[in-house]
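Structure at a glance
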Amino acid sequence: MKTVSSYRPSCEEVPQARVLLLGPVGSGKSSFISSVQSVFNGKVTNRAMVGSSSTSFTKKLQSFNIHGQKKEDPTGLVLCDVMGLGDGEMIGLTLYDILSIIKGHVPEGHKFSPDQPVTSDTVGYLKRPTLKDKIHCVAFVVDASKILTYPKGLTTTFQQLREHISDLGVHQVALLTHVDQICSETAKDVTQVYKSRIIRDTMSKAATLLGMSISYIIPVKNYSSELDLDENTDVLLLSAVDHILQYAELYFQDNTKPRPISNFC
């Protein structure tokens, strides 16, 4: 936890790493944000609104500052939530909308609509975004329990997204949620997550779905019905955040000059 709490981007002009979560409806994006904040709060909280319907509960761009244990000061991490991807095609969130978010053009709180894509005439549109306004890493989120039932068209959607996002020089990882729902042993003891053959196989299937190497797939368990925190679940969540920050740092290394190193007497 200390590593994440003390993290600050190596780029001097960027106070926080902005990470965009992208995934199908119900994949666990909002739950992941709430779970990460719960770890730092020391209790289970639902900061990001979580829905359970087949349509996306999140309709607008929402940025969540992850606060440290003292709660007064935010960490160097901001998790950005948007509406989920539709079945095989983006409903309400076009490819252009997503790329506009990553480029830093979309204002906080912008509500997405399928018949009103983001344009330079959009209220609050940032015509000249600075590096701190942009997205520095994208984390795809997929549900382990739905890997085999996702529509085939979703593979094409992910492929198009990854190609365009890569062209922007933004690194990507993937969170595999709900791993406890596909493996009873992991449900009982989350430390078994990397020992489970079922979960390893599902990680491989997720890699194929996303067109990524399995080394980029990170299994996590979000807090859902739990009333109390679990140390091992916390470790898994913090490990995922640590991986995400490593890829955000690669973006800063690729695009900026590092902070000057102070000399201490």
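See the structure above.
Residues numbered from 1 in each chain as written. Predicted model: local features only at pLDDT ≥ 70, side-chain atom pairs only at ≥ 80, totals over all residues. Heavy atoms only, no water.

1. Some remarks on helix 3 (residues 95-102)
Applied cut-off: The buried label applies to any residue whose accessible area, calculated with a 1.4 Å probe on protein chains only, is under 20% of its type's maximum; exposed applies above 50%, and partly exposed to all values in between. Counting from the N terminus, the helices are the DSSP runs of H or I reaching at least four residues and the strands are the DSSP runs of E reaching at least two. Residue contacts follow a heavy-atom distance rule, with two residues in contact if any of their heavy atoms lie within 4.5 Å.
A large share of helix 3 lies buried, amounting to seven of its eight residues. Buried within helix 3 we find Leu95, Asp97, Ile98, Leu99, Ser100, Ile101 and Ile102. Elements in contact with the buried residues of helix 3: strand 1 (17-22), strand 4 (137-143) and helix 4 (153-167). One or two steps after helix 3, the chain reaches Gly104, where phi turns positive at roughly 90 degrees.

2. Regarding the nonpolar core
The tendency in soluble globular proteins is for nonpolar side chains to be buried as a group. For clarity, the threshold we go by: In these notes, a set of buried Ala, Val, Leu, Ile, Met, Phe, Trp, Tyr and Cys residues joined through side-chain atoms within 4.5 Å is what counts as a nonpolar core.
Of all hydrophobic cores here, the largest spans 80 residues; its most connected members are Phe32 and Phe140. The greatest single-element share of this core, amounting to 11 residues, is contributed by helix 7 (residues 231-255). For Phe32, the contacting residues outside a window of four places in its chain are Leu21, Leu79, Leu175, Val220, Asn222, Leu237, Ala240, Val241 and Ile244.

3. Points about the sheet that holds strand 4
Applicable threshold: Pairing between strands is defined by DSSP: at least two bridges between the two strands are required. Here the axes come from fitting lines to C-alpha atoms, over the contacting stretch only for helices, and the angles between their N-to-C directions go from 0 to 180 degrees.
An order of 2-3-1-4-5-6 is seen for the six strands of this open sheet, with the pairing classed as mixed. Pairing within the sheet leaves two strands with one partner each, and these edge strands are strand 2 (62-67) and strand 6 (217-219). The sheet shows a mean angle of 30 degrees between the axes of neighbouring strands, taken without regard to direction. Summarising the sheet, strand 2 and strand 3 (residues 74-81) pair through five bridges and their orientation is antiparallel. Bridged to Asn65 within strand 3 is Val78. Contacts from helix 2 (residues 29-41) reach strand 1, strand 2, strand 3, strand 4 and strand 5 (171-177), with the element oriented near 20 degrees to strand 2. Helix 4 contacts strand 1, strand 4 and strand 5 of the sheet and is inclined by roughly 165 degrees relative to strand 4.

Nothing here speaks to function; it is geometry throughout.
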